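Below, each chain spelled out in residue letters.
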Amino acid sequence: MKNYLTAILWICAIAAHPVFSGEQPAVKTASNTIEGQNYTCEKWAVLDMVFTAGANTNNPLEAEFATELTHESGQTLNILGFYNDSKSWVIRFSPSIEGIWRYKTYSSVSSLAGLTGEVKVGPNTKTGRHGPIKISDKNKQRFEYEDGTSYFPLAFEIDWLFALDTENEQDIPKTRTIVRHLADYKFNKVIMNVFACDAGFGDKKSIDPKYNFAKPAVFPFGGTNEKPDHNTLNIDFFKHFDRVMACLDKNEIVSHLMIYVWNKKVNWPKPGSKQDDLYFDYVVKRYQAYPNLIWDISKEALAYGMDDMNYISERIDRLRKLDGHKRLVTVHDYQYCRSFPEKIDFISVQEWRPNLYNTLLDIAAKHPAKPVYNVEHGGYEKTMHSIFNGAYTDPVACLDRNYQCIFAGVYSTYYWQNAAWYELVYEPFALEPEKQPHFGYYRVLMEFFSGYDYNTLIPIQHSSSPYGLTNNKDTFLYYITRDTIALEGMAPPQTRGKKIEIKWFNPLTGEYSPKEVRTIGSSPGAWIGIRKPAGITSPIAIVILKIIEK
């Protein structure tokens, strides 16, 4: 009788608890261990706290389960848990503070309510790990990691990443292969869907069947995409997705995760329906803990007539209530972002226009307190057959589009047609050399900006000069667009009368020219004329000016 009354009290209490107001990772490592009802993990690790219900539960996907975690300092977090099949329930937690966290569970399932224990969080020991992504405290148009280290994202679109290895219940070798390539070439973010099915574009007859994932064998709901049962979810789909997210996390690659996509032939439930909420809530509860996560409500959110701005706003509000870890949120639609900038953490645009630099410069000026991300710039590198050509397919033209974004103070994305969509060549360097993508151009780009902290740079352009970035102190970078032969223009005021060091950089090879030193004239009209050296043979280039004598 006593146990029965206790259970009733817990069930009654949950409705008033903050976590319900308004309504496998796969990571089993030495830094994530279990001692009875107590746990240990490292700071920023992903910890699964696994609980077993005493009996089968009717409609477990609709049951409420959560925990309140209280740090020894007094800080409190409310984290929603999720059903993981076979009487198993999980609280997924990623701590950002070392020390002791004590937890107490709340649930509409009596055997899951009132459970207590603690999590001992030790220091992070993983080299290169700096915590979740946030908006920089020093420059609101830039990103940084939680520990204050600058984060300069370069994204790789790979919408069907979830579809690799779905036939393999134990391992993800294909996924690891492509993710390892991305990490090796310094991509530190992927733009991806939770699920996509097919697309009406592309030269499908030319695709090697082993790289064709247009109709995945898995589906996040019950049934199939053709005959869905939206009243339930396919837990095995999400267990597989856990492995994908954990693989990205291990390789320090951020997942820009689009919860919906409207033009990839997915048989979604009706937006705003009970079935839609079931899916949306489950995705948020299951993946919020990953420190390598950025939320995106939907790819091309308003482009296909599936929803409207009110629906997007409602989804954002719902997500923020569900996400106890408070990951960043955006929407892949500039119409929405410019209408409701207060609802999102950074601005996403899909800007293709030829005058890309000036267009993005203007957009960034309209949003001085938020980063701007050009998710698609119209450049889709083609090395084999076409999937979607966009406006630019030449590898150097696509690279140029990325540099124009960056020099406008905006972040950018790389597309290779044979991995961005339903054709996913996960072994790109097993292809014949002429069919291989130019990932190397982007490793060069990332290595260049590892030497120049983007968070300290702002766009600059003087009379007649090319696009520039400067720290407004002693460093000036100028992007020399295709076939331009020199840096010509008014000298930056800071350089007048100063001795400067000049060197040129080849964005295709990573090579630098020999250094040159000269003194800039001191008059207000002092002019810089620096000819591109013969040794820099690339059609695009960067010239670096560094004040060495003040």
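Just so you know, these numbers come straight off a predicted model, no measurement behind them.

Parameters at a glance
Residues numbered from 1 in each chain as written. Predicted model: local features only at pLDDT ≥ 70, side-chain atom pairs only at ≥ 80, totals over all residues. Heavy atoms only, no water. Helix = DSSP H or I, 4+ residues; strand = E, 2+ residues; numbered from the N terminus. Buried < 20%, exposed > 50% of the residue type's maximum accessible area, 1.4 Å probe, protein only. Areas by Shrake-Rupley, 256 points an atom, 1.4 Å probe, with all protein chains shown as cover. Lys, Arg positive; Asp, Glu negative; His and termini not counted. Charge placed at Lys NZ, Arg CZ, Asp CG, Glu CD. pLDDT = per-residue confidence, 0-100. Contact = heavy atoms within 4.5 Å. 1 Å grid on protein atoms, 1.4 Å probe; cavity = no way out; pocket = protein on both sides within 12 Å on 5 of 7 lines; lining within 4 Å. Points joined across faces, edges and corners; volume = space filled by probe spheres on them. Nonpolar A, V, L, I, M, F, W, Y, C, P; charged D, E, K, R; others polar. Axes fitted to C-alpha atoms, helices over the stretch in contact; angles between N-to-C directions. Parallel < 35°, antiparallel > 145°, perpendicular 65-115°, else oblique. Left-handed = near helix turned anticlockwise from the far one by under 90°. Pairing = 2+ DSSP bridges. Salt bridge = Lys/Arg side-chain N within 4 Å of Asp/Glu carboxyl O. Phe/Tyr/Trp six-rings, centres within 6.5 Å; stacked < 30°, edge-to-face > 60°. Expected span 1.5 Å × (residues − 1). Polar contact = N/O pair within 3.5 Å; in protein donor to acceptor, adjacent residues only side chain to side chain.

1. Section: the overall build of the chain
A tally of helices and strands in the chain yields 10 helices and 30 strands. Within the chain, the proportion of its 550 residues that are buried is 59%. When the accessible area of the chain is evaluated, it comes to approximately 21,600 Å², of which 50% is carbon and sulfur surface. Across the chain, 61 positive and 63 negative side-chain charges occur, with their mean positions spaced 3 Å apart.

2. Some words on the confidence of the model for the chain
Detailed reading of predicted coordinates is not advised where the pLDDT is low. Residues of the chain with pLDDT of at least 70 account for 93%, and the chain-wide mean is 92. A low-confidence stretch, residues 1–31 (pLDDT under 50), is modelled with 54 contacts involving residues beyond four sequence positions or located in other chains.

3. Re empty space enclosed by the protein
Taken as a whole, the largest cavity holds about 100 Å³ of empty space. In terms of lining, the largest cavity is formed by Trp44, Arg129, His130, Gly131, Ile133, Tyr145, Asp249, Glu252, Ile253, Val254, Pro291 and Asn292. Taken together, the residues that form the lining of the largest cavity break down as 6 nonpolar, 3 polar and 3 charged. Estimated volume of the second largest cavity: approximately 40 Å³. The set of elements that each furnish at least two residues to the lining of the second largest cavity consists of strand E6 (82–83) and helix H4 (274–287). Considered class by class, the residues forming the lining of the second largest cavity number 7 nonpolar, 1 polar and 1 charged.

4. A short note on the packing of H4 against helix H5 (residues 309–322)
It is at 10 Å that the axes of H4 and H5 come closest, and there the two elements cross at 45 degrees. Between H4 and H5, the crossing angle belongs to the class labelled oblique. Helix-helix and strand crossings are classified by hand; for H4 and H5 the assignment is right-handed. In this structure, H4 contributes Asp276, Asp277, Phe280, Asp281 and Val284 to the contact, and H5 contributes Tyr311, Arg315, Arg318, Leu319 and Leu322. Considered class by class, the residues forming the contact of H4 with H5 number 5 nonpolar, no polar and 5 charged.

5. What to know about the side chain of Asn188
The topology assignment puts Asn188 in the loop between helix H2 (173–184) and strand E14 (189–193). In this structure Asn188 comes out as buried when scored by relative accessible area, which is 12%.

6. Here's the deal with the sheet that holds strand E10 (residues 133–135)
In space, the 3 strands of this open sheet follow the order E10-E11-E12, with antiparallel pairing throughout. The open sheet terminates on both sides in strands that have one partner only, identified here as E10 and strand E12 (150–151). Pairing geometry for strand E11 (residues 143–145) and E12, over 2 bridges, is antiparallel. Across the sheet, the residue bridging to Phe143 is Tyr151, located in E12.

7. Some words on the pattern of salt bridges
All told, the structure shown has 32 salt bridges when counted by the stated rule. For Arg92, the salt bridge goes to Asp242, with nearest N and O atoms at 3.0 Å. Of this pair, Arg92 sits in strand E7 (residues 88–93) while Asp242 is found in helix H3 (residues 235–250), placing the two residues 150 residues apart along the sequence. In this structure Arg92 comes out as buried when scored by relative accessible area, which is 0%. We classify Asp242 as buried; its relative accessible area is 0%. Here Lys134 and Glu144 are joined by a salt bridge, their closest N and O atoms 3.1 Å apart. Note that Lys134 is positioned in strand E10 and Glu144 in strand E11, a separation of 10 residues in sequence. Under the relative-accessibility criterion, Lys134 is labelled partly exposed at 23%. Accessibility expressed as a relative area gives 5% for Glu144, which makes it buried.

8. Observations regarding unusual backbone geometry
For Trp44, which is not glycine, the phi torsion reads 70 degrees and is therefore positive. Inspection of the secondary structure assignment puts Trp44 in the loop between strand E2 (38–42) and strand E3 (47–52). Within the chain, Glu252 stands out as a residue other than glycine whose phi angle is a positive 55 degrees. Looking at the secondary structure, you find Glu252 in the loop between H3 and strand E17 (254–261).

9. Looking at the packing of aromatic side chains
Counted according to the given criterion, the structure contains 68 aromatic pairs. Arranged with centres 5.0 Å apart and planes meeting at 40 degrees, the rings of Phe152 and Phe449 form a pair that is tilted. Placement of Phe152 in the loop between E12 and strand E13 (154–157) and of Phe449 in helix H10 (residues 439–450) is noted, with a sequence separation of 297 residues between them. Neither residue differs from the other here; Phe152 and Phe449 are each classed as buried.

10. Some remarks on the sheet that holds strand E24 (residues 467–470)
Strand order in the open sheet formed by 6 strands is E23-E24-E25-E30-E27-E28, and the pairing between neighbours is antiparallel. The sheet terminates laterally at strand E23 (458–460) and strand E28 (516–519), the two strands that pair on one side only. Neighbour-to-neighbour, the strand axes of this sheet turn through a mean angle of 30 degrees, independent of strand direction. Here strand E25 (residues 475–480) runs beside strand E30 (residues 541–549); their pairing, made up of 6 bridges, is antiparallel. Paired with Leu477 across the bridge in E30 is Ile544.

11. Notes on H3
The end-to-end C-alpha distance of H3, which contains 16 residues, comes to 23 Å, matching closely the 22 Å that a straight helix rising 1.5 Å per residue would cover. For H3, the tally of buried residues reaches 14 of 16 residues, placing the bulk of the element in the interior. Residue Asn234 occupies the N-cap position of H3, its side-chain oxygen lying 3.2 Å from the main-chain nitrogen of Asp236. After H3 finishes, the residue Glu252 shows a positive phi value of roughly 55 degrees.

12. Some thoughts on the environment of Ala408
Examined against the element boundaries, Ala408 turns out to sit in the loop between helix H8 (395–407) and strand E22 (412–414). Between the C-alpha atom of Ala408 and that of Leu360, which follows or precedes it by 48 residues, the distance is 6.1 Å. With residues near it in sequence (within four places) discarded, Ala408 still touches Tyr357, Leu360, Leu361, Ala364 and Pro459.

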